[in-house]
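# Residue-level structural notes
As a plain string of letters, each chain reads:
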Amino acid sequence: EIVFIAKESDPNEGRVAGSIDSVKKLKSLGFDVVVESGAGQGSRIPDQDYEKAGARIGKATDAKTADVILKVRRPSAQEVAGYRSGAIVIAIMDPYGNEESISAMAGAGLTSFAMELMPRITRAQSMDVLSSQANLAGYQAVIDAANEYDRALPMMMTAAGTVPAAKVFVMGAGVAGLQAIATARRLGAVVSATDVRPAAKEQVASLGAKFIAVEDEEFKAAETAGGYAKEMSGEYQAKQAALVAEHIAKQDIVITTALIPGRPAPRLVTREMLDSMKPGSVAVDLAVERGGNIEGAEAGKVTEVGGVKIVGHLNVPGRIAASASLLYAKNLVTFLETMVSKETKALALNMEDELVKATALTHGGSVVHPAFGGAMK
Ligand code: NAD
């Protein structure tokens, strides 16, 4: 059976769905691997390196022969037209709001999987693309902030005087936020952080950052069974905003990462809060693609309001593409391995498997995911 690793058609996507290690692993699972020429370019993987790992270098049209297509992003209509009916396609599908494209994949007879719907259970930890990519995004957010900040992050005591340490405030201490805290600490900043989940408090403290939050009864009950944040009441948000407003005025860099599953990102930083910051301060909004945590953050742009830079880069994991591809490719191959029979080394898709159930969007000509109008049979 043939696995095809596609070159991403989006020119702004530097990531690739296959690494040297993942190609080797796919070969050991019994697959023939075809890598589309140039697929690894944005992640610094030359065709020859894939070849050395055992892949054959092919063209876009070779996708037609593949049993499994691995991608970073959801295939375009044109790409879908180039796949054979019955093929498996695995990617970050971004399905919400793109129901028409999902139906088109069903119509083309594809069995498609959305990696971002992987359940966050122990068994699937090594397949969790939200974590693998958010971790790198958290790191990159600090690098981007440091790059826009006209001062040093660590305290420097020199013969010519002392440069004070930068104060960094991280809002949302999930996977991305915790890595942002760790990275800012490594660069010598004085770091504080907030979250609405009580479990975050200890994690923030263990990284050596100060936890800032209104810790009332609502806060103590704010975590869902799945470990995610709940949308907070207006009353809580107002109390928290007052505390944050006072704190932000003293910060040099703010990095926001706050998300609530299935809801627009909460607005955490207002224009007034930005106005209270010193000129030259930097605010990075990692939630900009989901509506943004920071007032005035523009997707894909670095803007300036009253001397404060607001960073709204899109596809932040793609800004650190070579590392992001390495982890993403591992997530993919680990998932695909669960679909391969150990005895026959052939694909043996089990639609009853909980990982398959959670991530399958289309199968057998229909949309099967319940969140997109499908009924899993
Ligand atoms: P996320 O990307 O959905 O949200 C980022 C953070 O924003 C979360 O910590 C959330 O609590 C926070 N947030 C939401 N509203 C906020 C507000 N108004 N103010 C401040 N912060 C706000 O979350 P995530 O990074 O995907 O992680 C969520 C949880 O899932 C974490 O506890 C994480 O450790 C856990 N997790 C578990 C597994 C696993 O068990 N396999 C894997 C990954 C993550």
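Residues numbered from 1 in each chain as written. Predicted model: local features only at pLDDT ≥ 70, side-chain atom pairs only at ≥ 80, totals over all residues.

## Some thoughts on the site of the ligand
In the neighbourhood of the ligand, 30 residues make up the surrounding shell, with Gly 172, Gly 174, Val 175, Ala 229 and Ala 258 lying closest. Sorting the residues of the shell around the ligand by element identifies helix H5 (129-148), helix H6 (175-186) and helix H7 (199-206) as the ones contributing at least two each. Partitioned by chemical class, the residues of the shell around the ligand number 18 nonpolar, eight polar and four charged. (Near = placed C-beta within 6 Å. Helix = DSSP H or I, 4+ residues; strand = E, 2+ residues; numbered from the N terminus. Nonpolar A, V, L, I, M, F, W, Y, C, P; charged D, E, K, R; others polar.)

## Considering the pairing of strand E5 (residues 88-92)
Within E5, five of the five residues are buried, leaving the element largely enclosed by the surrounding structure. Side-chain alternation along E5 places Ile 88, Ile 90 and Ile 92 on one buried face and Val 89 and Ala 91 on a second face that is also buried. Relative to E5, strand E4 (residues 68-73) runs parallel, the two being bridged by four bridges. Looking at the pairing, Val 68 lines up with Ile 88 of E5. For E5 and strand E6 (residues 111-114), the ladder comprises four bridges, and the chain directions are parallel. By the bridge assignment, Ile 90 is partnered in E6 with Phe 113. (Buried ≥ 20, exposed ≤ 12 C-beta atoms within 10 Å, placed from the backbone. Pairing = 2+ DSSP bridges.)

## Some words on the pairing of strand E2 (residues 32-36)
Most of E2 is tucked away, with four of its five residues classed as buried. Summarising the sheet, strand E1 (residues 2-5) and E2 pair through four bridges and their orientation is parallel. Of the residues in E2, the one forming a bridge with Ile 2 is Asp 32. In this view, the connection linking E1 to its parallel neighbour E2 by way of helix H1 (residues 20-28) has right-handed handedness. Bridge analysis of E2 against strand E3 (residues 56-58) gives three bridges, and the strand direction is parallel. Bridge pairing links Val 34 to Arg 56 in E3. (Right-handed = clockwise from strand over helix to strand, strands pointing away.)

## A look at the sheet that holds E3
The eight strands are arranged E3-E2-E1-E4-E5-E6-E16-E17 in an open sheet whose pairing can be described as mixed. In this open sheet, the two edge strands, each paired with only one partner strand, are E3 and strand E17 (366-367). One ladder, built from two bridges, connects E6 with strand E16 (residues 360-363); its direction is antiparallel. Pairing of Phe 113 across the sheet is with Ala 360, part of E16.

## What to know about the confidence of the model for the protein chain
Taken over all residues, the pLDDT of the protein chain has a mean of 96, while the share at 70 or more is 99%. This prediction of the complex comes with two scores: 0.94 for pTM and 0.95 for ipTM. (pLDDT = per-residue confidence, 0-100.)

## Some remarks on unusual backbone geometry
Phi angles above zero are rare outside glycine, and Arg 44 is one such case at about 65°. By secondary structure assignment, the location of Arg 44 is in the loop between E2 and helix H2 (47-52). A positive phi angle is found at Asp 94, which is not glycine, with a value near 45°. Assignment of secondary structure puts Asp 94 in the loop between E5 and helix H4 (99-107).

## Overview of the sheet that holds strand E14 (residues 302-305)
If you trace the seven strands from one edge of the open sheet to the other, you get E11-E10-E9-E12-E13-E15-E14, paired in mixed fashion. The two strands at the open ends of the sheet, each matched to only one other strand, are strand E11 (210-211) and E14. Most of the contacts of H6 go to strand E10 (residues 190-194), to which it runs at about 170°, and overall it touches strand E9 (167-171), E10 and strand E12 (253-256). (Contact = placed C-beta atoms within 7 Å. Axes fitted to C-alpha atoms, helices over the stretch in contact; angles between N-to-C directions.)

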